[in-house]
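Listed below are the residues making up each chain.
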Amino acid sequence: MTTGLNYQNLDGLIACPHCDLLHELEALQPGQRATCSRCHSTLITTKSETMDRTLALALASAVLMAGALCFPFLGMSKAGLERKASIVDVILAFSEGWYVLLGLCVLLFVVVLPMVRAALLVYTIWPLRQGRPALPHAKLAFAWAEALAPWAMTEIFIIGTAVALIKIGGLATISFGTSFWLFCVLVLVIGFQNASVCRWTIWSTIRKVTA
Amino acid sequence: MISAREAGLVGCHRCGTVHQPQDHDCRMCGKTLKSRKPNSLQKTWAWLITGLVFYIPANVFPLLSNRVLGSEDGHTIIEGIILFFKKGDFLVASVIMAASLLIPIGKFLIVGFLVLSIHYRWNLSAHARLVLYELVEFIGRWSMIDVFVVALLASLIRLGAIISILPGPGSVCFALSVVFTMISAQSIDAKLIWDDTSKEPKHE
């Protein structure tokens, strides 16, 4: 077949991880983005300082999460009685039998997995950014960070809060706590963090420094 | 346009590096190389059916129950939607209907349809399948909304006999159903979508 691709130098090629189409690697200008010509998924982004940005946002998300856990998330009042609940209260509220799973869902998908992902990103990228060799098992750490991405559901939790508020409607009066607003910022920060990761850049940098 | 497989090469699923077929691990990211994920469609079916099995009790049992001044009434997903419709709260009713009824059912149908269309090579454009696949990948996680709603309400609204909201068995089944269908969608090897279709223009 005549496709003009050079099969001798496999390092000059990239196969789209989503649809397997072969592409020739070209040097990109800063700010350019390479997408698959068939399925349009992003192959390479050359955002300037992709590593700096990812690091900064991952650290920011950890600080915000720490704050969000300390303050009350929502408050309610009915007939003169008041009650406040933090995220920790939501997690610990369920102790009977299978309902523990509900608290576990919140614990894992909203708190633990987003933080594990941020920690793994920092672990992988920090030494690379300093120009030092990657830490042990950096490849595994970055692979896990990427695999966890769909399981970190902070943005879904915030929409869930909105739906919960609508659902209660007139049943009780609801107020937002500090933690709620911190969480809204956290959702944005995590969104930007996910958008700033360029997998190809990180994989090739790990390879360069370990070779 | 030629895929790595058609060129007799193997592209890494994780990072896209191209390898010779005899290579075992990816030289870039260390992942075990497979031209296509083994048994991708069987695994998808298995997780999908598991998700479907848990979706049945999720609808039969109450999702949560309101206890207002001593009287308790639990309602299932569908009863909840009907309740809000009767009240005239069409916005709430449609949000709940989308998140807990249309998205999960749509997901089961789309994943099932995708797997069948790949397996039997139905005459369907790859781009249509891509749209369906991305829809499932994107939308699947959002069903978790309902689980978070129940967790939030049941932990916040707790004023004993005056007003309390208690979780129902349906909520746990629903959470498990969402997790299993997410795994099911992730088991699909998206590369299979393109395998039969991309060849056609090449051979002419």
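Quick caveat: nothing in here was measured; it's all calculated off a predicted structure. (Residues numbered from 1 in each chain as written. Chains lettered and ligands numbered in written order. Predicted model: local features only at pLDDT ≥ 70, side-chain atom pairs only at ≥ 80, totals over all residues. Heavy atoms only, no water.)

A. Representation of the overall build of chain A within the structure. On a plain count of helices and strands, chain A comes out with seven helices and seven strands. In chain A, the succession of α and β elements from N to C terminus is β-β-β-β-α-β-β-α-α-α-α-β-α-α. Scaling as 2.2 N^0.38, a compact globule of 211 residues should have a C-alpha radius of gyration of about 17 Å, whereas chain A reaches 22 Å, well beyond that. Oriented by its inertia axes, the alpha-carbon framework of chain A measures out at about 75 × 35 × 35 Å. Across the 211 residues that make up chain A, the buried fraction comes to 48%. Entry remark: accessible area of chain A is about 10000 Å², with carbon and sulfur atoms responsible for 63%. Placing the 15 positive and 11 negative side-chain charges of chain A at their respective mean positions leaves the two points 2 Å apart. (Helix = DSSP H or I, 4+ residues; strand = E, 2+ residues; numbered from the N terminus. Rg over C-alpha atoms; globule rule 2.2 N^0.38 Å. Buried < 20%, exposed > 50% of the residue type's maximum accessible area, 1.4 Å probe, protein only. Areas by Shrake-Rupley, 256 points an atom, 1.4 Å probe, with all protein chains shown as cover. Lys, Arg positive; Asp, Glu negative; His and termini not counted. Charge placed at Lys NZ, Arg CZ, Asp CG, Glu CD.)

B. Layout of the interface of chain A and chain B. Across the contact, 66 residues belong to chain A and 64 residues belong to chain B. Summing the contributions of chain A and of chain B, the shared interface buries around 6100 Å²; its carbon and sulfur component is 75%. By the criterion of area lost to chain B, the three top residues of chain A are Asp20, Arg38 and Lys167 of chain A, representing 12% of everything that side buries. Where chain A packs against chain B, one counts four salt bridges. The tally of links between chain A and chain B comes to 16 residue pairs in polar contact (both at pLDDT 80 or more). Listed by contribution, the elements that provide at least two residues to the side of chain A that touches chain B are strand 1 (13-15), strand 5 (72-78), strand 6 (81-86), helix 2 (87-92), helix 3 (100-129), helix 4 (138-148), helix 5 (154-168) and helix 7 (199-210) of chain A. With eleven residues, the single largest contributor to the side of chain A that touches chain B is helix 5 of chain A. For the side of chain A that touches chain B, the per-class residue count stands at 46 nonpolar, eight polar and twelve charged. (Contact = heavy atoms within 4.5 Å. Buried area = accessible area lost by both parts, 1.4 Å probe. Salt bridge = Lys/Arg side-chain N within 4 Å of Asp/Glu carboxyl O. Polar contact = N/O pair within 3.5 Å; in protein donor to acceptor, adjacent residues only side chain to side chain. Nonpolar A, V, L, I, M, F, W, Y, C, P; charged D, E, K, R; others polar.)

C. Spotlight on the UniProt feature "transmembrane region" (unreviewed entry) in chain A. All names here are of chain A. As recorded in UniProt, the sites labelled "transmembrane region" (unreviewed entry) are residues 55-77, 97-126, 147-168 and 180-202. For residues 97-126, helix accounts for 90% and strand for 0%, while the C-alpha atoms at its two ends are 42 Å apart. The straight-line gap between the two end C-alpha atoms of residues 180-202 is 33 Å; of that span, 91% is helix and 0% is strand. (UniProt positions renumbered as here; feature names shortened; annotations may be inferred.)

D. View of the packing of helix 3 of chain A against helix 6 (residues 178-196) of chain A. All names here are of chain A. Viewed as axis vectors pointing N to C, helix 3 and helix 6 meet at an angle of 40 degrees, and their least axial separation amounts to 12 Å. By the criterion of interaxial angle, the relationship of helix 3 to helix 6 is oblique. The two elements helix 3 and helix 6 meet at a crossing, and its hand is left-handed. Between helix 3, through Val110, Pro114, Arg117, Ala118 and Leu121, and helix 6, the contact on the second element is made entirely by Phe183, Ile190, Gln193 and Asn194. Split into classes, the residues belonging to the contact of helix 3 with helix 6 amount to six nonpolar, two polar and one charged. (Axes fitted to C-alpha atoms, helices over the stretch in contact; angles between N-to-C directions. Parallel < 35°, antiparallel > 145°, perpendicular 65-115°, else oblique. Left-handed = near helix turned anticlockwise from the far one by under 90°.)

E. Structural detail: the pattern of salt bridges. One pass over the full model with this rule turns up eight salt bridges over all chains. Taking the shortest distance from any N to any O, the salt bridge between Asp20 of chain A and Arg36 of chain B comes out at 2.8 Å. Taken together, the residues span two chains, with Asp20 of chain A in the loop between strand 1 and strand 2 (22-24) and Arg36 of chain B in the loop between strand 2 (18-19) and helix 1 (40-60). Between Glu155 of chain A and Arg141 of chain B there is a salt bridge, with its nearest N and O atoms 3.0 Å apart. Placement of Glu155 of chain A in helix 5 and of Arg141 of chain B in the loop between helix 4 (126-139) and helix 5 (144-156) is noted, with the two residues assigned to different chains. With a relative accessible area of 13%, Arg141 of chain B lands in the buried category. One salt-bridge network, in which partners are shared between bridges, spans Asp11 and Arg207 of chain A together with Arg27 of chain B.

F. Highlighting the sheet that holds strand 7 (residues 173-176) of chain A. Here three strands make up an open sheet; going across it, the order is 6-5-7 (chain A) and the pairing antiparallel. Looking at the sheet topology across the chains shown, the edges are occupied by strand 6 and strand 7 of chain A. If you compare each strand with its neighbour and ignore which way they point, the axes differ by 20 degrees on average. Across the sheet, helix 6 of chain A lies against strand 5 and strand 7 of chain A, angled at about 140 degrees from strand 5 of chain A, the strand it touches most. Against the sheet, helix 5 of chain B makes contact with strand 5, strand 6 and strand 7 of chain A, and its axis sits at roughly 55 degrees relative to strand 5 of chain A, the strand it touches most. (Pairing = 2+ DSSP bridges.)

G. The arrangement of the sheet that holds strand 3 (residues 64-68) of chain B in detail. Residue and element names in this part refer to chain B. Reading across the sheet, the four strands line up as 4-3-6-5 and stay open at both edges, with antiparallel pairing between neighbours. If you trace the sheet from one side to the other, it starts and ends with strand 4 (71-75) and strand 5 (158-159), each paired once. As paired elements, strand 3 and strand 4 share five bridges and run antiparallel to each other. The residue bridging Leu64 from the neighbouring strand is His75, located in strand 4. Where helix 5 meets the sheet, its contacts fall on strand 3, strand 5 and strand 6 (163-167), and the angle it forms with strand 6 comes to roughly 140 degrees.

H. Summary view of the packing of aromatic side chains. All names here are of chain A. A complete count under the given rule lists 15 aromatic pairs over all chains for this structure. When the ring of Phe73 is compared with that of Phe183, the centres are 5.8 Å apart and the planes differ by 85 degrees; the resulting orientation is edge-to-face. Of this pair, Phe73 sits in strand 5 while Phe183 sits in helix 6; the two residues are 110 residues apart in sequence, bridging distant segments of the chain. Residue Phe183 is classed as buried on the basis of its relative accessible area of 0%. (Phe/Tyr/Trp six-rings, centres within 6.5 Å; stacked < 30°, edge-to-face > 60°.)

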